[in-house]
Amino acid sequence: MIIVLKPNLSRKEEAAVLAEIKRLGYTPHVMRGVARTVVGAIGDEREHASLEALNAWPQVESVMRVQKRHKLVSREAHPQNSTVTTRGVVIGGPKFVVMAGPCSVESETQLMKTAEAVAKAGATVLRGGAFKPRTSPYEFQGLGEKGLKLLAKARKATGLPIITELLSEDHAEMVAEYADILQIGARNAQNFQLLIAAAKTGKPVLLKRGLAMKIEEWLLAGEYVLANNNRDLMFCERGIRTFETYTRNTLDLSTIPIVKRESHCPIVIDPSQGGGRADLVASFCKGAIAMGADARLIEVHPNPAEAWSDGAQQLSLEGFAQLMGELKPFIAAAGRE
Ligand code: PEP
Ligand code: MN
């Protein structure tokens, strides 16, 4: 930490600050300039008590961090890319992974039809919400455990591992019993107790970015998963809330190279929630591939016009198959498989 002192302090006032720095476990190094004295407090900022409280001292002008607040998710901690493996599918490796399926699990026919079609087109993970975070309590809330059972059935039929949202700590054990990857939704991205519960199941965790979440906050939310002994974390950019109305959310592709630089964890793009429009999914995917995303999470429905949630952004089965073909040269150009 760097502590800038106010000018014209007496030696006694200065000594009190230095004593406090030492008391908190740091070694102070005093640098005297012409107009100001600056103190470098040497020590691991993440292990010692915070010096930020010094901001409240009358002798102190400002306190600045030197180290980043995230540790286990950071590239410094793990210079190589980390990968997440579930039932033989590797996310974060050379293969650009496709996770596809309906926004919500609605019925056995709807799910089976979708699962078979996306598997045939080349998806290797099946998505489907059984517990849905809906803005209104009067909207379809998901089939709950019945939906999880259908997902397990679809996995059995197609061999695709499944990703589904964990909405509440109370469901952690139950959802983990069925799911291969736990999705933490945008609305829960800073629900720290939920993140801890998800981590403790030992299942891989896909952490969406919150609607108004800074990248630093997102990285720190991910830190909760790794700090709870679960190394299988993926970040998922799904758009943030802005003033724009052409799109449901503003898909922030700039997070891809930033998260890649800051963290070793894979990054996934959700172009479906990202724009809220099926007609934008292909363009968003192309951009995401070019920028280095490791996977995409995409909504597909046999009849989007009759979907019980997010109809406007879901691709039809044919639309999805077409997209898979259209993206091939982009994936190859990005040096991925
Ligand atoms: C979803 O994937 O259907 C979903 C609800 O996502 P998000 O949490 O990003 O809104
Ligand atoms: Mn959705």
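Note that the coordinates shown come from a computational prediction; the quantities given were computed from them, not determined experimentally. (Residues numbered from 1 in each chain as written. Chains lettered and ligands numbered in written order. Predicted model: local features only at pLDDT ≥ 70, side-chain atom pairs only at ≥ 80, totals over all residues. Heavy atoms only, no water.)

**Student:** Now, about the overall build of the protein: what can you tell me, with residues and values included?
**Tutor:** Looking only at helices and strands, the protein features 10 helices and 14 strands. Each principal axis of the C-alpha distribution contributes one length, and for the protein these read about 80 × 45 × 40 Å. Per-residue burial over the protein gives 53% buried out of 337 residues. Split by element, the accessible area of the protein, about 15100 Å² in all, is 53% carbon and sulfur. (Helix = DSSP H or I, 4+ residues; strand = E, 2+ residues; numbered from the N terminus. Buried < 20%, exposed > 50% of the residue type's maximum accessible area, 1.4 Å probe, protein only. Areas by Shrake-Rupley, 256 points an atom, 1.4 Å probe, with all protein chains shown as cover.)

**Student:** Pulling in residues and values, what's your account of the coordination of the manganese ion (ligand 2)?
**Tutor:** Only Cys103 (SG), Glu299 (OE) and Asp310 (OD) from the protein reach the manganese ion (ligand 2) as donors, at distances of 2.0 to 2.4 Å. We classify cysteine 103 as buried; its relative accessible area is 2%. (Donors = N, O, S within 2.8 Å, 3.2 Å for Na, K, Ca; no water.)

**Student:** How would you sum up the sheet that holds strand E1 (residues 2-5)? Please name residues and give values.
**Tutor:** Pairing is antiparallel across the open sheet formed by 4 strands, whose spatial order is E2-E3-E1-E4. A strand with exactly one partner marks an edge of an open sheet, and here the two such strands are strand E2 (27-32) and strand E4 (60-64). Ignoring which end each strand starts from, the neighbouring axes of this sheet average 20° apart. Two strands pair when backbone bridges link them, and E1 and E4 are joined in this way by 4 bridges, in the antiparallel orientation. (Pairing = 2+ DSSP bridges. Axes fitted to C-alpha atoms, helices over the stretch in contact; angles between N-to-C directions.)

**Student:** Before we move on, can you summarise the environment of serine 254 with the specific residues and values?
**Tutor:** Mapped onto the elements of the fold, serine 254 is located in the loop between strand E12 (233-237) and helix H7 (255-262). Since its relative accessible area comes to 35%, serine 254 is described here as partly exposed. Between the alpha carbons of serine 254 and alanine 293 there is a distance of 11 Å; along the sequence they are 39 residues apart.

**Student:** Break down the packing of helix H5 (residues 192-200) against helix H6 (residues 215-227) for me, citing the residues and quoting the values.
**Tutor:** For any two helices packed against each other, the geometry is given by the interaxial angle and the distance between the axes. Viewed as axis vectors pointing N to C, H5 and H6 meet at an angle of 40°, and their least axial separation amounts to 8 Å. For H5 against H6, the interelement crossing comes out right-handed. Touching Phe192, Leu195, Ile196 and Ala199 of H5 are Ala221, Tyr224 and Val225, all from H6. Looking at the contact of H5 with H6, its residues break down into 7 nonpolar, no polar and no charged. (Left-handed = near helix turned anticlockwise from the far one by under 90°. Contact = heavy atoms within 4.5 Å. Nonpolar A, V, L, I, M, F, W, Y, C, P; charged D, E, K, R; others polar.)

**Student:** Give me the domain arrangement of the protein: which residues, what numbers.
**Tutor:** The parts lose accessible area when they come together, and the size of an interface is often stated as this lost area. Each assigned domain of the protein is listed with its residue range as follows: domain 1 (2-64) and domain 2 (84-333). Between the C-alpha centres of domain 1 and domain 2 the distance comes to 45 Å. (Domains from an automatic or database assignment.)

**Student:** Can you tell me about the site of ligand 1, naming the residues and giving the values?
**Tutor:** Taken together, 13 residues sit near ligand 1, with Arg127, Ala186, Arg187, Lys208 and Arg238 positioned nearest. One of the side-chain N or O atoms of arginine 127 is found 2.8 Å from an oxygen atom in ligand 1. At a separation of 2.8 Å, an oxygen atom of ligand 1 approaches a polar side-chain atom of lysine 208. Split into classes, the residues belonging to the shell around ligand 1 amount to 3 nonpolar, 3 polar and 7 charged. (Near = heavy atom within 4 Å. Polar contact = N/O pair within 3.5 Å; in protein donor to acceptor, adjacent residues only side chain to side chain.)

**Student:** Describe the packing of aromatic side chains, with residues and values.
**Tutor:** In this structure the tally under the stated criterion is 3 aromatic pairs. Both rings, one in phenylalanine 140 and one in tryptophan 308, keep their centres 4.9 Å apart while their planes meet at 90°; by these two values the pair is edge-to-face. One end of the pair, phenylalanine 140, is in the loop between strand E8 (125-127) and helix H3 (145-158); the other, tryptophan 308, is in the loop between strand E14 (295-299) and helix H10 (317-333), and 168 residues separate them in sequence. Looking at tryptophan 308, the relative accessible area reads 43%, which means it is partly exposed. Plain terms: the ring middles of tryptophan 218 and phenylalanine 235 are 5.3 Å apart, the flat faces sit at 75° to each other, and that makes the pair edge-to-face. Here the residue tryptophan 218 occupies a position in helix H6, and phenylalanine 235 occupies one in strand E12, the gap between them amounting to 17 residues. There is no split in this pair, since tryptophan 218 and phenylalanine 235 are both buried. (Phe/Tyr/Trp six-rings, centres within 6.5 Å; stacked < 30°, edge-to-face > 60°.)

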